[in-house]
Amino acid sequence: MSTGSDVERRLAAICGPGFARHAGPADEVAGAPSRFVAAPGTVEAVSAVMRLAAEHDLALAPRGAGSKLDWGAPPARLDVLVDTGRLAGVWHRPPGESVVEVGAGTPVRAVQAVLERDGLRLPLDPPSSGATIGGVVAADESGPLRHRHGTPCEQLVGVSYVDAEGRLRHSEGWGMRDPDGPDLNQLLCGSQGALAMLVSATMRVWPAPLGRLWVLRSVWTPLEVHDLVRLVIAASVEPAAIEVDLPAHRAALIPRQRSRQGPGTLAVLVEGGRTEVIERAERLVPVLRGDTRVTEEPPRWWHRYPFEPGEVALRLEVPISDLHAAIYALRDAVGGPVPVRGSAGVGVVHAALPSTLSADRVAAILDAVRGV
């Protein structure tokens, strides 16, 4: 392996002065420290970095906003952290087609701001603050809109990536196809950047809705959530999202309304034309009964994870008919309520466990929930 000074010199030659350096205390992936940080500004530079890594047996990992670097297991070794921040921007938007190619380091909110000028949007709403397109694809991270539009994997038209030997390749997209490769759309999604260096993603775009309303109702138990979700789906109102928030401690949410409101909230988002949205939202009020109300603003917990820094984050993904059973099993395994929040309409929710639990205790909780 080359010396550290040689690697840094070659990285600087590839990326340019000021865009390659020794790693600092914050340059790590899931607690594993890196030796160097490189920020290539072009696809060609990414290829050169990958070739350098292959030549000298360097272990690489990509980093966008860094919002999900603690998800999953730490790498066994990390030599170069590749910062994708300079691979940003809307690279190509063919006239007359409902797709857009976006650089991997582009924040999702920046893409939305560009598309908003033409009344369009990506139906992506990842809860991670500052999430980039590359990070969202690598983690297959989705928010409430996954109910109607699916996950980022399901919205991908194509990807461009650099493989371990430094070759630029393209998956399906605008007639581009690697005939010798597998379906990288599916392989790269959720891979946490372990298979290749994503440089751009081609996504579908949709007209931005003119009207948005939230229908809220208090809930007490996971079983009640199950029953209400079935009613919403049967009502044929075409919700854009069905989210639930079940905090661990009811008093933290509504300390002064114990007699009227439940500890949690079911929230249904309805999108579309202004008039039709009002009609569809009002149809849900007698269906859900209770303290159902319609509002133009989402609840405070909307579009946020239930866990805080330092806590153990869990994702439960089960058929919606079994979601309540999984939440009950989690409560039983932990020995009490835990915060649960997410897409009850598709059976994907997140939960938070205290940081004080040992690794063995967390493993035992997961085994118990998986068993159910």
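Provided above is the structure to which this section pertains.
What this report covers is the structure whose coordinates are included nearby. Note that the structure is a prediction, hence the values are computed from the model and not measured.

Moving on, we come to the pattern of salt bridges. Considering all chains together, one arrives at 22 salt bridges under this definition. Across the pair Arg63 and Asp83 runs a salt bridge, and its minimum N-O distance is 3.5 Å. Highlighted residues: Arg63 in strand S5 (residues 60-63) and Asp83 in strand S6 (residues 80-83), separated in sequence by 20 residues. Side by side, Arg63 and Asp83 carry an identical accessibility label, which is buried. The partner of Arg217 in a salt bridge is Glu224, and the shortest N-O contact between them spans 2.9 Å. Here the two residues Arg217 and Glu224 agree in accessibility, since each one is buried. Linked through salt bridges whose partners overlap, the residues forming this network are Arg21, Asp27, Arg63 and Asp83.

What follows covers the pairing of strand S19 (residues 340-343). Here strand S15 (residues 241-246) pairs with S19 via four bridges, running antiparallel. Its bridge partner being in S19, Val244 is matched across the sheet by Gly342. Two strands pair when backbone bridges link them, and S19 and strand S20 (residues 348-353) are joined in this way by four bridges, in the antiparallel orientation. Across the sheet, residue Ser343 finds its bridge partner in S20, namely Val348. Hairpin geometry of S19 and S20 is characterised by an intervening segment of four residues between the two adjacent antiparallel strands and by a positive phi of about 75 degrees at Gly347.

This part covers the sheet that holds strand S14 (residues 211-219). Spatial strand order, S17-S14-S16-S15-S19-S20-S18: seven strands in an open sheet with antiparallel pairing. Each edge of the open sheet carries a strand with a single partner, namely strand S17 (293-295) and strand S18 (312-317). Across the sheet, the mean angle separating the axes of adjacent strands is 20 degrees when strand polarity is ignored. Examined bridge by bridge, S18 and S20 share six bridges and lie antiparallel to one another. Each residue of the ladder has a partner; that of Ala313, found in S20, is Ala352.

When a strand is regular, its side chains alternate between the sheet's two faces. S15 sits mainly inside the fold: six of its six residues count as buried. The two faces of S15 match: Ala241, Glu243 and Asp245 on one face and Ile242, Val244 and Leu246 on the other face are all buried. When S15 meets strand S16 (residues 264-272), the two strands line up antiparallel, connected through five bridges. By the bridge assignment, Ala241 is partnered in S16 with Leu269.

Tallied over the entire structure, the rule returns four aromatic pairs. Considering the side-chain rings of Trp301 and Trp302, the 6.2 Å spacing of their centres and the 45 degrees angle between planes classify their relative orientation as tilted. Put simply, the rings of Trp71, Tyr305 and Phe307 touch in pairs and so form one group of aromatic residues. Directly above the aromatic system of Phe19 lies the positively charged group of Arg86, at a separation of 3.6 Å from the ring centroid.

About the cut-offs
- Residues numbered from 1 in each chain as written.
- Predicted model: local features only at pLDDT ≥ 70, side-chain atom pairs only at ≥ 80, totals over all residues.
- Heavy atoms only, no water.
- Salt bridge = Lys/Arg side-chain N within 4 Å of Asp/Glu carboxyl O.
- Helix = DSSP H or I, 4+ residues; strand = E, 2+ residues; numbered from the N terminus.
- Buried < 20%, exposed > 50% of the residue type's maximum accessible area, 1.4 Å probe, protein only.
- Pairing = 2+ DSSP bridges.
- Axes fitted to C-alpha atoms, helices over the stretch in contact; angles between N-to-C directions.
- Phe/Tyr/Trp six-rings, centres within 6.5 Å; stacked < 30°, edge-to-face > 60°.
- Lys NZ or Arg CZ within 6 Å of the ring centre and 35° of its normal.

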